Every structure is written in C-alpha cells, then in structure tokens.
Amino acid sequence: MKKYFIALIILAFGCSKTCDSKKNNTNNTITVAVGSAIENIDPRYASSVTAIRTSQLVFATLLVMGQDGVPKPFLAKNIEKIDDLNYKVELRDNLYFHDHTPLTSSDVAYSFLDLSSNDVNSPHQSKFYYLKNIQIIDEKNMIFELSVPYAVFMTDLCGNGIVSKKSCLNRSKKCQHEYNGSGPFMLDKWDNAKEIIHLKPFDKWFEGAAKTKIDIRIVREENTRVLELIAKKTDLIEGDIPASRLEELKKNDFLDIKIIPSFSFTYLAFNLRGPHGKDLQSKENITRSALANKKVRQAIAHAIDIEQIINKIFLNTAQRVTGLIPNSHWAKDHSLKLINFDPQKAESLLDEAGFYRKKDNNRFDITIMTSQDRMRQNIALSYKNFLAKVGINVSIKVKDFSAIFQDMRQGNFEMFSALWVPITDPDLYYWVHHSSNIPSEKKEGGNRHAYNNPEVDKLIEQGRYTSDQEQRKAIYKNIENILIDELPYIPLWSENRIIVMNKRIMGYDPLSTGSLINLRKAYISE
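Calculation rules
- All residue numbers here refer to positions counted from 1 along the written sequence of the relevant chain.
- Only residues with pLDDT of at least 70 are given local features in this predicted model, and only at 80 or more are side-chain atom pairs given and counted; all residues enter the totals for whole chains, interfaces and linings.
- Only hydrogens and water are set aside; all other atoms, that is, all heavy atoms of the structure, feed into the side-chain values.
- Any cysteine sulfur atom paired with another within 2.5 Å is treated as part of a disulfide.
- Accessibility here uses a 1.4 Å probe with only protein chains present; expressed as a share of the type maximum, an area under 20% marks a residue as buried, one over 50% as exposed, and anything in between as partly exposed.
- Strands are treated as partners if at least two bridges between them are detected by DSSP.
- By the criteria applied, helices consist of DSSP H or I runs no shorter than four residues and strands consist of E runs no shorter than two, each listed in order from the N terminus.
- A fitted line through C-alpha atoms serves as each axis, taken over the contacting stretch for helices, and the angle formed by two N-to-C directions is quoted from 0 to 180°.
- Small angles under 35 degrees read as roughly parallel and large ones over 145 as roughly antiparallel, with 65 to 115 read as roughly perpendicular and the rest as oblique.
- Here a crossing is taken to be left-handed if its near helix is turned anticlockwise relative to the far helix by less than a right angle, and right-handed if that turn runs clockwise.
- By definition in these notes, contact holds between two residues if any of their heavy atoms fall within 4.5 Å.
- Under the convention adopted here, Pro, Cys and the residues Ala, Val, Leu, Ile, Met, Phe, Trp and Tyr are nonpolar, Asp, Glu, Lys and Arg are charged, and Gly plus all remaining residues are polar.
- A side-chain nitrogen of Lys or Arg and a carboxyl oxygen of Asp or Glu constitute a salt bridge if their distance falls within 4 Å.

### Brief notes about the state of the cysteines
Moving on, step 1. Under the criterion given, the structure shown has one disulfide.
Moving on, step 2. Paired through a disulfide, Cys-168 and Cys-175 show a sulfur-sulfur distance of 1.7 Å. Considered together, Cys-168 and Cys-175 belong to a single accessibility category, that of buried residues.

### Quick word on the sheet that holds strand E8 (residues 141-146)
Moving on, step 1. Strand order in the open sheet formed by four strands is E5-E6-E8-E7, and the pairing between neighbours is antiparallel. Edge positions in the sheet fall to strand E5 (76-83) and strand E7 (131-136), since each of these pairs with one other strand and no more. For this sheet the average axis-to-axis angle between neighbouring strands, irrespective of direction, equals 20 degrees.
Moving on, step 2. Taken together, the five bridges between E7 and E8 define a ladder with antiparallel strand orientation. Note on E8: the bridge partner recorded for Ile-134 is Phe-144.

### Quick notes on the packing of helix H9 (residues 294-303) against helix H11 (residues 343-352)
Moving on, step 1. Between H9 and H11, the least distance of the axes is 8 Å, while the angle of their chain directions is 165 degrees. Taken together, the axes of H9 and H11 are roughly antiparallel relative to one another. Remark: the crossing between H9 and H11 carries left-handed chirality. On the side of H9, the interface is formed by Lys-295, Val-296, Gln-298, Ala-299, His-302 and Ala-303, while H11 contributes Pro-343, Lys-345, Ala-346, Leu-349, Leu-350 and Glu-352.
Moving on, step 2. Taken together, the residues that form the contact of H9 with H11 break down as seven nonpolar, two polar and three charged.

### Quick word on the pattern of salt bridges
Moving on, step 1. Within the structure shown, the criterion is met by 28 salt bridges.
Moving on, step 2. The partner of Arg-171 in a salt bridge is Glu-178, with the nearest N and O atoms 2.8 Å apart.
Moving on, step 3. A relative accessible area of 30% means that Arg-171 is categorised as partly exposed.
Moving on, step 4. Judged by relative accessible area, which is 41%, Glu-178 ranks as partly exposed.

In structure tokens form, the structure reads like this:
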C-alpha cells in the first residue's frame, strides 16, 4: 500500500544569483526556502516530501495529524465509527473550492474512489485498496465503507487532499495543472524559471482567510539557504539546515531557532536480491552475495560508530533508534537494545560468513549511493572510513535526487541511506518491508531492498487488520525484534527538526510531522 510517507534524500545544489542580496523582506509575504524540487502540488500526483507539504497548503484533507500523532478534524467536522467496516463522516459548513464552488460529499467520494481510474491513474492508487465504497447521504454527510477492518484508516485520511469533481472528472491530465484547491492558500503563480511558487490566502477558507501570502522558493544549495536567511531574503527554513550551521545563525538576533523532535527514521538499506547472471565470481556478484548474508549485514552494523556520527555531524541533534517506530510512539518496544559499536565482533562475523581478508587486506567492495548534500556526503564518508577498518572497501557514488530515486526503484544499488517522514503509524512497515511491495517494472513499491520474510509478512498483515491497540503493540514488538536481528535496514537515528525563522513571523507553531499547514495561522509583525 503506497502511503503518504515518503523516503526523503536531502539534496544540495548550486548557489543562485540572488544569494548576495541584502534587501530586507518587509512585504506581507512569508518566504519559505526548500531544498528540493516540487514536481506537482495536485495531491493525486505529488510524490516527494516537499511537494506533499506544499500540496497540503492548497488542497486540504479531511483530517490533519496533530503534534501528538493523533488525527484531528479539519475539513471533516466529525467522524463516527459505526463499526469496524463503516465510518460516518460529516463535513463542516461553508466549505468551498478556490473557484468558489461548494465542496460537498460528492467531491470527497470522487477524490478517494477515482484514484485508480484510468483518467486519474495516480501513483497513490493502491493507497485506499481497502475502501469498498463511499455512500453519499447528503451534501455534507457520507459513510466510508471498508472491505476489511483497517487500523490506520483515520491516519490515511490525513494524507489525501480533496479535489473538485466538477473540475477534474474525465479531464485529470489538464486539471492536475489548474490547482483548483480546497485549502487555506490558493495558487497565485508558479514561476518555473525562478523556481518559486506564489500562494495567496483563500478568501472563503472556513477558518477565515490567512493573513499573509506564502512564497515557496526552491534553494537547492545549503550555503545559499543560510546566506539568504542572514540576508533576510528567506524568512523560514524547516529541516533543510544542518546542525553545523547553527552557531553561525545564532549570531543574528533577528533569527529564531527551534529544535523539536521529529517523526523521522534514518536508515542504511541493503540490496538483498543476491547474485544474478552467470558469473557468480564477478566483483558485483560477490558484493551482492555478501549483502544477502545476514551476518555481513550485522557486521556492517557493528562496524559503524553511529554515536560518533550523531555527536560530530549532527552535534547531538539526533537520537539513536532501534527501528522504524518513533521512540515516543505508543507502539514502541523500549526493551529493544541499540546495536553497539564493536569492530572486533564485525571482523568475526565477516569471517564466519566466509568473506575473509585477501592479500590486499580487503574482503569485498561495496558502493554507497548518496545525494549532493554536503552533510549526507560527510556521513557517507564516515561509513567508508569505519568499514575500511574491517576490510570492506567502499566507493561513494554521488547523484541527484531523480537519479537516486530511479536507481532505488529499479534495485540498481548496493547500499544507500535515506529517511522516512513522517512516521505516524507502524503500518508503514507494510509499504517498507512486506514482500508484496517489492517494486517491479509494472508496479511501485517501497520495499526497494527486496526483503522477503513470510513470518514478517504475516505479522504486518495482522497489525493492520487488528484494531486493539495493545494487540497491535505486541505484533509490532515481534516485527521489530525480527528486523533488528535480520537487518534489512540498519536503524540509525531520528533527526530533530531544526527550524530557523525570521522573528517578524508571529503565530507559527512548527509541527514534528514536518507539515507546513500551520502557516495558515502565521502573520507578520509590524
């Protein structure tokens, strides 16, 4: 099931011509700088984290995820659980699309049920596979009918923006670029040349119109983002600032810095597909054989000093984790032990796996893919140095996001590091580790490392169809115990969200999920 959780690889690119600007941004616009491109803001087609966060400003959802990880009403006034298969949803009064046509139950039904139609053909079309029907009672009320009990139904409602049936029915190829939204901001202009999305307040938003305009600017290079904050060209950056730049930014008394916990999970992934082709002794196949061996993966985990990376690169603005489920989540099993740094044990495990040191003192070669972001490259270099000490020769391959993502989808990698955000329910394990989600030429899938364990598949299925929270917690405890042993991923850390904003912004409370939806409440001080 494709969810709105997305794998994020932070990027860095070239400096813009405007990075030396010293002009104070004094207009009634909050400028937000983001580090990666935005492919689309129609919620049916937005795939990257940045695109989804921008989309949610323009296309509102029935529910929004609260700071506590619990879904809260948004366009929906109320949701009543009738039984395990039926939920009654009531919309708020006075909801409108940006063309001022009313938003009704019919639009909601279309937004969910047509994701898999030939006209829409959304990459998220399998997201609501369990949704049998939406029975429309009247313009404000409807019943969502599920084919099976589904524990994370309410969470899923936080990730699907509502689009206009009138605008989009049978014309989604055109409609997806018109952005007749349902959210607190409407598209004013998309300047592709300057890579700026200009948003303006929607005058008929049910809470009242927002007080400022929003500019979303794509600023790919880390140093440029920092300089633009200092030059007051940018007002707000969330998550695209490394901890190493904080001391520099603290010298500017007009900037406010917040560091909050996040719902993120950073991991090191292996290609588990094993050897292919006829030449099993080729360098590539020796590496593939190694990564398919559990003892090798365990050795790599023990060879990397994760604490040192957190201390030196993140300056302690990240926390160790034992699995995908956040440390503060109700489903987390706190009895799980962190993987300890033990190079001697790593050496022994590699010997046991049959990958001995050769005459050149190396056991095998491996390539780690990383992005153009400077910090991510430094982390990859740390992996390289640690693994060299146990006889693994590492090459680092730097690529841009689109190339990395394509390689991940095609299984064309050996190791890569990335992060999932936001993790609001452990059912993400279905997308990430269930064998049915190994991608192929004909289908998408989040299990890009090709992990296949029937026992884990069964537990994941039990977790998503069990509504009792304590039973689910026990199921996910079993899953994480298996995964910390088999290590299809090495669980690394959860990175705090670093938010830097100009103090002229008032009324804005950043969210641990990374959502920008609270910008609708922000205003600029005089």
